[in-house]
Structure formats: C-alpha cells, structure tokens
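# Reading the structure
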Protein chains: 2
Amino acid sequence: MGTSLRDVAVLAGVSVKTVSNVVNGYAHVAPATRARVEEALARLDYRPNLSARNLRQGRTGVIALALPELDAPYFAELSRFVIDAAAEQRWLVVIEQTDGSLERERQILDGVRDHRVDGLIFSPIAIGADELAARTDDTALVLLGERIHDGPADHVAIDNVRAARDITEHLIGLGRARVAALGAQDSSISGTAPLRLAGYRQAMAAHGLPEIVATVERYHRADGFAAMTALLEGERPDAVFCFNDLLALGAMRAVLSSGLRVPGDVALAGLDDIEDGRYSTPTLTTVAPDKSELARIAVDLLKRRIDGRAGYAPQEVRAGYRLMVRESTAPAG
Amino acid sequence: MGTSLRDVAVLAGVSVKTVSNVVNGYAHVAPATRARVEEALARLDYRPNLSARNLRQGRTGVIALALPELDAPYFAELSRFVIDAAAEQRWLVVIEQTDGSLERERQILDGVRDHRVDGLIFSPIAIGADELAARTDDTALVLLGERIHDGPADHVAIDNVRAARDITEHLIGLGRARVAALGAQDSSISGTAPLRLAGYRQAMAAHGLPEIVATVERYHRADGFAAMTALLEGERPDAVFCFNDLLALGAMRAVLSSGLRVPGDVALAGLDDIEDGRYSTPTLTTVAPDKSELARIAVDLLKRRIDGRAGYAPQEVRAGYRLMVRESTAPAG
DNA sequence: CAACGTTGTTTCAACGTTGTAAACAGGGCT
DNA sequence: AGCCCTGTTTACAACGTTGAAACAACGTTG
C-alpha cells in the first residue's frame, strides 16, 4: 500500500492529525509546521486513500450512470458530458449498461447499494413508475431523459412533446402531406415514445392530416431500416419523422437503397443530433437536445440530493433543444 | 449508513466475525448458525460496505478505463465490451477521457492513485514510450490498441501493419492505381498511425505503385472531410484507405458532396468497423478488429497483473481482425 | 484417559482517515 | 502570580471489514 498520513507524520515529526489538517486545508496551522508537512507530503508523494476517507465519511465519491447502451451514439455523447460535469464535483462515474432489459434495470435500481455509490443517474427504458416509486433504497436518484408520470425522483429531460410537434410542423411546412411517424412502441409504457408520438399527433391533427405510424422494437439503425422498408412497400409517405437519429439513419439507408431520393422522394428527420447525422449523405435534419445542459442539470440535481438529505419534493426540470435543419429536409430537394 | 455486520450479528446472536464468515462463504460454520445468520442477513437486507472491505483488503474492485473520447464510436463500442468483461470479474469500470491531450494523459497515468483503482486499461494517443516507462506508480497497467515499442507494460492490439497491408491490397486488387492513404500524422510518435502507414507502404511498394499520403490532426469525420476535400483538388486518387472509419465517413461525405461517386470514382475503405459504416450509403468497407477479444484480453492481462504481483516481463498480445468488404469498394461500382 | 485433531466460534488488531474534545503554549490582562 | 483568551497541536475513538490467533467443545486415537 502507498504512503499514509502516518508515514508523512513521522517524517515531518508531527502528529497524524496535523498532517490531515494540512491536507484538508484546515486554517489554524502554523506556517512553519505547514511548510514542514508540505515538504514531507511532497517528498513521499502522498495520496489520500479514498477507501479510508470514504469509510470515515460515509461517502464514496463515485456515482453511477445507468443507461441502455454505451454504443448508441446518443448515450455515448451524453455520457461524455455527464463524466465531465461529475469531474467538476470531483466525482468518478461508473457506467452500467442495462441493454434495456427490465431485469437489468431492476438490478441496477436495487443493486447500487452493493457498490456503495453516492448516487445514481438513471436512464430507464423498461421499468415502470410504480416500480420506481416502490424502491426501498434511499440512494440519491436522478432520472435522465425519461418521463415518469408523477415520478418519485428528480427528473430532467427536454420537452419531448413539444420537440416532436416542432419537427413534425417543419415536415408539414415543406408541403408534404403524407407525413409518417417512425418509432412508436407497443411495449413501453413509460418511455419517450408515447410523448413523441403525442407531439406528432398534435401537429398532424392541427393540419387535418392523416396519421401514419410505424412501430419498432428498439431504437437501432436496423429497426429503422426494417420499418422504413415496410413503409415503402405500402402507400409511400413523402416525409418521415423518426423518433431518434439512429432510426432515421437506418430509414435513410432503406430509402436510398430502394432507389428513391432523400429528400426528393422522402424527407427524413430524426431526434438526438448525433454526430453521424451531420456527416451522412444527405445530412440529417434533427432536434438537438442540449446534452451538455442535460448532463449538468442531472449532476446538479444529484448533488443537491446527496448534500441536503432533506426530503423535498421531486423536481421536474426541462432542458433546451434546437431544431437543426439539414439536407434531408431541404426544400429544393 | 446501512446495516453493518454488527447489526446482523446482534440480531442473530452471534459474533461479527461469524457473520463475516457466512457472508464470505467460509466452510466451517454450523448449519444451524448459518441458517440463523442468513435469516438475519435477509431480514436486514445486509450489503457489505465496499469502502471498508477495500480498506481492509487493499483493493477497490474498481478499474479505470482511460481513452481519448467516449463519443468516438469505436471507443464507445470498445468500452461496452470492457465493461462487460470487467463485470465478470465483479469489477466496476470508471471511465476517464483524455481528449488525446498529453497533459490529461500524464494526469491519468499519474493520478490513478488518487482514485485508488486496482488497475488501469489505457489507450493513449499522445504520450510517449519513454514517459510511460518512467512512471513511478506501480498500479497494474494494460495498454490497449496502441503500439509502444519495447513497452514497459502489457499491451493488446491487432496487428496494425498487417491489417493496413491487407486492406490496401484489397484496394489495389480492385484495379485501382492511385491509392491514397488518409490519416498519417505529423505529431504522433507512438501512435497507430505510423503502423498503418507502414502497412500501406508495404502493399504499395509490393506493386510498384506511387504513394499518396494525406495527413490529419485528429481522427474525426471533420478531419476526413477536410483531408479528402484537399485530395480531390489535386490529382485525384481513385481509392483511399482511411486510417479509421470516422475519417472514411468524413471522406465519403466529401466525395459525394463534390458530385463524385463512391466507389465509382473513388473507392473508400476504413478501419474499426463502427456501426455507422454498416448503414452509410454506400456501406463502408473496413477492417473489423475483434473488439470483444481485445476487451477480454485486456481485462485478463490486467487481472493477472493485479493478482500475481510477480513482476514478469510485459506481454504483447495480438487480437484478431476481419476484412469486411462492403459497397464502398464494390468492383461493379 | 491423556493427548490430539477437527469443527465451530470468538477476540483482537489493523487497514487510513477524520470529528471531537481536550491539551498545550504563549500573550495580554487584571 | 493568576487568569482568560487565541492559536496550534495532539490523543482518542470510530467508520465496517477481515486475517491471525486463540479458544471451546467434541470425537478419535494410542
């Protein structure tokens, strides 16, 4: 094991506690003593043992970030911001992947205690609000990007309904009449899918247009590809709002490989603003959630929960977003 | 704080150590006692305090994974596998991002001790072999995906030279004569860039073809876009081996938006096999490193270092890869 | 029946840290 | 000299866990 306070204390000819005081920046230490201790600290290259410190303080300095899958670009990009925001609190982030499985999500929710993390930022897919509310654990919890009705925990997300309505309005504004929604889900009760669908419906209803809805299992390129291929076989839509960018990129591939043009024959829009969509051909119109803001708010909420053990009511916070119009919905197409 | 061994011990009417023994599956515990203790454990929903356990055992059960950036798809995909492989050892993974900055890489290398992780899987970009060798820290270290000549630590990667030669041969095999390499770097001494460049050169030399080399700063789509745009302004290549898939996707965008066709006018190949390339239009030919194998080997090497404190010589391990031929190098194009 | 091994359980100490409280030194005041 | 400040330093205990060693009870063996 490395050098401990004791080692430094011996070298500096001072008590262990005094060294601790210097390390922690305690005010009343005589300049001469402080200098001597700092000299010794430097000489022995002292690093505090976090296990011991945490044991003593009942904190671990580690938070968990639980999300469906790290290799979905949206979550990877989001993770980066969460890690950066957490670093400012001097927190480490461990990442847990649920693969969207209910069982894994239960484990996470139940099992964070095993790892003794101070808090959890959770982006659930499968688990329901009731189950969330029923948890006995009192570890600080913040829900990210998932609307849980009357949630039992702090929650941060963009306004999914409004964002979906905005982008659908944009498609309608191109003069397209057969605007489809791609990404509805049968299973999910608590997910974002119903919200985005609701936004789509509001826009379609406002213009008296017929709804065309394609459902998917998951939110990967492959699902978008399959759903779009199916859509093309029926009465073809001339615009499609895909519930995330991966679906849109899969759909784009399907349209293009069927010999049709984007946006000439079919305009496409997504949601997430992952980097891929800025370099696809054509580039992808999308809604860009402010990921940095999402992450920062999530970390702030968590910090407040962890610090003030007071049980104030769960907060609901909205992060901003922007509409990014690109080639896949260019009017001239 | 949660329930401790002491609480359980009191409830079961037994000593703390006996509870500890039950928890740890120690053999010689009377069945009756064990039953009573387990009953108490369940009733109080006991979870071991990892900080305490780690303090006692000098292990944290946490490893760090340091990589340039999580939102580069290759690293996101790799991380997933590392996390999964680590989970099998009941390890948690904290992720540190270096952004490829030398300073951050130094911090990581020096600072892992701050966090008291048991080991580090490190994918460096900027740092040199000499500096790696000079580190005083004795934390277990495994280098991932980066060839450090005569490295001071275990190292796992694919055979970059051979992979680069293979893919270049494939491009030449299409009958293209002006085959460019995109992704060389001025700065990097120890990176993979020189290796991939070497592989390219071997293949070009073997066929007596002239080398065309484009350098980049970093390995993002934007760099690929810029470098390709520059290449197109000169005497145009008819095939390009990009040193990673992001570069290739950026390059593809540049070719397509200049009005040329892929692979008709320019064939493109990458390296990494990120998911994006399987859904781009055209789909991207690439080299697919066995990421799962890379991750598993890295974790295994690290485990061996952590367990056996014996200082055996640094290991050099090669993981497999496959050539994935897709539309961007289709012969009929 | 004494010595011994086995099984089951406990006591003790230690991992490195920090909050509490108390001890100590020096200076200014009565 | 005795007192109370203020500033500085220290002893002690505790966080929850587990390895080492001790101990008790019991059956086996010579």
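Source: prediction; values computed, not measured.

Each helix and strand counted, chain A has 13 helices and 12 strands in total. Taking the principal axes of its C-alpha atoms as reference, chain A extends roughly 85 × 40 × 30 Å. Split into buried and exposed, the 333 residues of chain A put 55% on the buried side. Contacts spanning at least 24 positions in sequence make up 70% of the contacts within chain A whose residues lie at least 6 apart.

To continue, consider the protein's contact with DNA strand C. The local shell around DNA strand C holds 26 residues, among which Leu 5, Tyr 46 and Arg 56 of chain A together with Thr 18 and Thr 33 of chain B are the closest. In DNA strand C, atoms within 4 Å of the protein come 64% from sugar and phosphate. At a separation of 2.9 Å, a phosphate oxygen of DNA strand C approaches a polar backbone atom of Ser 15 of chain B. Top contributing element to the surface near DNA strand C by residue count: helix α4 (residues 50-57) of chain A, with 4 residues.

Neighbouring DNA strand D are 26 residues; Thr 18 and Thr 33 of chain A together with Leu 5, Tyr 46 and Arg 56 of chain B lie closest to it. Each atom of DNA strand D within 4 Å of the protein was classed as base or backbone; sugar and phosphate made up 66%. Measuring from a phosphate oxygen of DNA strand D, one finds a backbone N or O atom of Leu 5 of chain B at 2.5 Å. In this structure, Asn 49 of chain B approaches DNA strand D through a main-chain N or O atom, which is 3.2 Å from a phosphate oxygen. Elements that contribute at least two residues to the surface near DNA strand D include exactly α2 (16-23) and α4 of chain A together with α2 (16-23) and α4 (50-57) of chain B. When residues in the surface near DNA strand D are grouped by element, the largest group, 4 residues, is from α4 of chain B. Of the residues that constitute the surface near DNA strand D, the class distribution is 11 nonpolar, 10 polar and 5 charged.

Residues and elements named next belong to chain A. Contact geometry of helix α5 (residues 73-88) with helix α13 (residues 291-307) gives a least axis separation of 8 Å together with a crossing angle of 45°. Considering the angle they form, α5 stands oblique to α13. Crossing of α5 over α13 shows right-handed handedness. Here α5 contributes Tyr 74, Glu 77, Leu 78, Phe 81, Val 82, Ala 85, Ala 86 and Glu 88 to the contact with α13, which in turn contributes Lys 291, Ser 292, Leu 294, Ala 295, Arg 296 and Val 299. Split by residue class, the contact of α5 with α13 holds 9 nonpolar, 1 polar and 4 charged.

It is worth spelling out the interface of chain A and chain B at this point. Contact residues are listed per partner, giving 50 residues for chain A and 50 residues for chain B. The contact between chain A and chain B buries some 4,500 Å² in all, and 52% of this surface belongs to carbon and sulfur atoms. In terms of surface lost to chain B, no three residues of chain A exceed Arg 47, Arg 253 and Tyr 279 of chain A, which account for 17% of the buried area on that side. Our enumeration of links across chain A and chain B arrives at 12 salt bridges. A salt bridge links Asp 276 of chain A to Arg 221 of chain B, with the nearest nitrogen and oxygen atoms 3.4 Å apart. Taken together, the links from chain A to chain B amount to 19 residue pairs in polar contact (both at pLDDT 80 or more). Tallied by class, residues from the side of chain A that touches chain B come to 18 nonpolar, 14 polar and 18 charged.

What UniProt calls "domain: HTH lacI-type" (unreviewed entry) maps, in this numbering, to residues 3-57 of chain A. End C-alpha atoms of residues 3-57 of chain A are separated by 20 Å, and the span's content is 69% helix alongside 0% strand.

A separate point is the sheet that holds strand β6 (residues 179-184) of chain B. Residues and elements named next belong to chain B. With respect to topology, 4 strands assemble into an open sheet ordered β7-β6-β8-β9, the strand pairing being parallel. With one partner strand each, in any of the chains shown, β7 (212-215) and β9 (267-269) form the two edges of the open sheet. Strand-to-strand, the axes of this sheet are offset by a mean angle of 20°, without reference to chain direction. As paired strands, β6 and β7 are joined by 4 bridges and run parallel to one another. In the strand pairing of β7, Ala 184 is matched with Thr 215. Across the sheet, helix α8 (residues 160-173) touches β6, β8 (239-242) and β9, and the angle it forms with β8 is around 165°.

Attention now moves to the packing of aromatic side chains. Summed over the entire model, instances satisfying the criterion amount to 4 aromatic pairs over all chains. The aromatic ring of Tyr 312 of chain A is capped on one face by Arg 305 of chain A, whose charged end is 3.9 Å from the ring centroid.

Membership of the largest hydrophobic core comes to 155 residues, with the highest contact counts inside it found for Ile 95, Leu 182 and Met 228 of chain A together with Ile 95, Leu 182 and Met 228 of chain B. Met 228 of chain B has contacts with Leu 182, Pro 237, Val 240, Ala 251, Ala 254, Val 255 and Val 266 of chain B, leaving out every residue within four places of it along the chain.

Turning next to unusual backbone geometry. Of the consecutive residues Val 262 of chain B and Pro 263 of chain B, the connecting peptide bond is found in the cis state with omega at 5°. Tracing the sequence through the fold places Pro 263 of chain B in the loop between α11 (245-257) and β9. We note that Asp 45 of chain A has phi near 50°; this positive angle belongs to a residue other than glycine. With respect to the element layout, Asp 45 of chain A can be found in the loop between α3 (31-44) and α4. For Asp 99 of chain A, which is not glycine, the phi dihedral falls at a positive 55°. On the secondary structure map, Asp 99 of chain A appears in the loop between β2 (92-97) and α6 (102-115).

All right, on to the relation of the copies chain A and chain B then. When chain A is fitted onto chain B, the two copies agree to an RMSD of 0.2 Å after a turn of 180° and an axial shift of 0.1 Å. Put plainly, the chains are arranged around a two-fold axis. Most of the interface of chain A is mirrored in chain B, where 100% of its interface residues again form contacts.

Another aspect to go through is the environment of Val 266 of chain B. All names here are of chain B. On the secondary structure map, Val 266 appears in the loop between α11 and β9. Residues Val 266 and Thr 98 lie 168 residues apart in sequence; the distance between their C-alpha atoms is 34 Å. Not counting residues up to four positions away in its chain, the partners in contact with Val 266 are Arg 176, Met 228, Pro 237, Asp 238, Ala 239, Val 240, Val 255 and Arg 261.

All names here are of chain A. Strand order across the open sheet formed by 4 strands is β7-β6-β8-β9, with parallel pairing between neighbours. Looking at which strands have only one partner, the edges of the open sheet turn out to be β7 (212-215) and β9 (267-269). Taking the axes of each pair of neighbouring strands and ignoring which way they run, one obtains an average angle of 20° across the sheet. Packed on one face of the sheet, helix α9 (residues 193-206) meets β6 (179-184), β7 and β8 (239-242) and runs near 170° to β6. On top of the sheet, helix α10 (residues 221-233) reaches β6, β7 and β8; it is set at about 145° to β6, its chief contact.

Residue and element names in this part refer to chain A. Judged by which residues are buried, strand β10 (residues 286-289) turns out to be covered on both faces: Thr 286 and Ala 288 on one side and Val 287 and Pro 289 on the other are all buried. Sheet analysis places β10 next to strand β12 (residues 321-324), joined by 4 bridges and oriented antiparallel. Looking at β12, one finds that Pro 289 is bridged to Tyr 321.

About the criteria used
- Here the residue index of a chain counts from 1 through its sequence in written order.
- Here chains are named by letter from A upward and ligands by number from 1 upward, in the order in which they appear as written.
- Local features in a predicted model are, by the rule used here, given only for residues with pLDDT of at least 70; side-chain atom pairs are given and counted only at 80 or more, and totals for whole chains, interfaces and linings are based on all residues.
- The side-chain quantities take in all heavy atoms of the structure and omit both hydrogens and water.
- Secondary structure is summarised from DSSP: a helix means a run of H or I of at least four residues, a strand means a run of E of at least two, and numbering begins at the N terminus for each.
- Relative accessible area decides the class of each residue, using a 1.4 Å probe on protein chains only: under 20% of the type maximum gives buried, over 50% gives exposed, and in between gives partly exposed.
- By definition, residues are in contact when any of their heavy atoms lie within 4.5 Å.
- If a single non-hydrogen atom of a residue is within 4 Å of a molecule or strand, that residue counts as near it.
- The definition of a polar contact used here is a pair of N or O atoms within 3.5 Å, where within protein one atom must be able to donate a hydrogen and the other to accept one, and adjacent residues in sequence count solely through side-chain atom pairs.
- Under the scheme applied here, ten amino acids are nonpolar (Ala, Val, Leu, Ile, Met, Phe, Trp, Tyr, Cys and Pro), four are charged (Asp, Glu, Lys and Arg), and all others, including Gly, are polar.
- Note on geometry: axes are lines fitted to C-alpha atoms, helical ones only across the stretch in contact, with angles between N-to-C directions running from 0 to 180 degrees.
- Roughly parallel here means an angle under 35 degrees, roughly antiparallel means over 145, roughly perpendicular means 65 to 115, and every remaining angle is called oblique.
- Rotating anticlockwise by less than a right angle from the far helix to the near helix defines a left-handed crossing, while the corresponding clockwise rotation defines a right-handed one.
- As used here, buried area is the combined drop in accessible area, with a 1.4 Å probe, of two parts when they are placed together.
- When a carboxyl oxygen of Asp or Glu is within 4 Å of a side-chain nitrogen of Lys or Arg, the pair counts as a salt bridge.
- UniProt positions are given in the numbering used here, feature names are shortened, and annotations may be inferred rather than shown by experiment.
- Paired strands are those between which DSSP finds at least two bridges.
- Aromatic pairs are defined between Phe, Tyr and Trp rings, using the six-membered ring for Trp, whenever the two ring centres lie within 6.5 Å; interplanar angles under 30 degrees are classed as stacked, those over 60 as edge-to-face, and all others as tilted.
- For a Lys NZ or an Arg CZ to count as sitting over a ring, it must be within 6 Å of the ring centre and within 35 degrees of the ring normal.
- Here the nonpolar core consists of buried residues drawn from Ala, Val, Leu, Ile, Met, Phe, Trp, Tyr and Cys, with membership extended through side-chain atoms lying within 4.5 Å.
- In superposing the copies, a least-squares fit is computed on C-alpha atoms, taking residues whose pLDDT is at least 70 in both.

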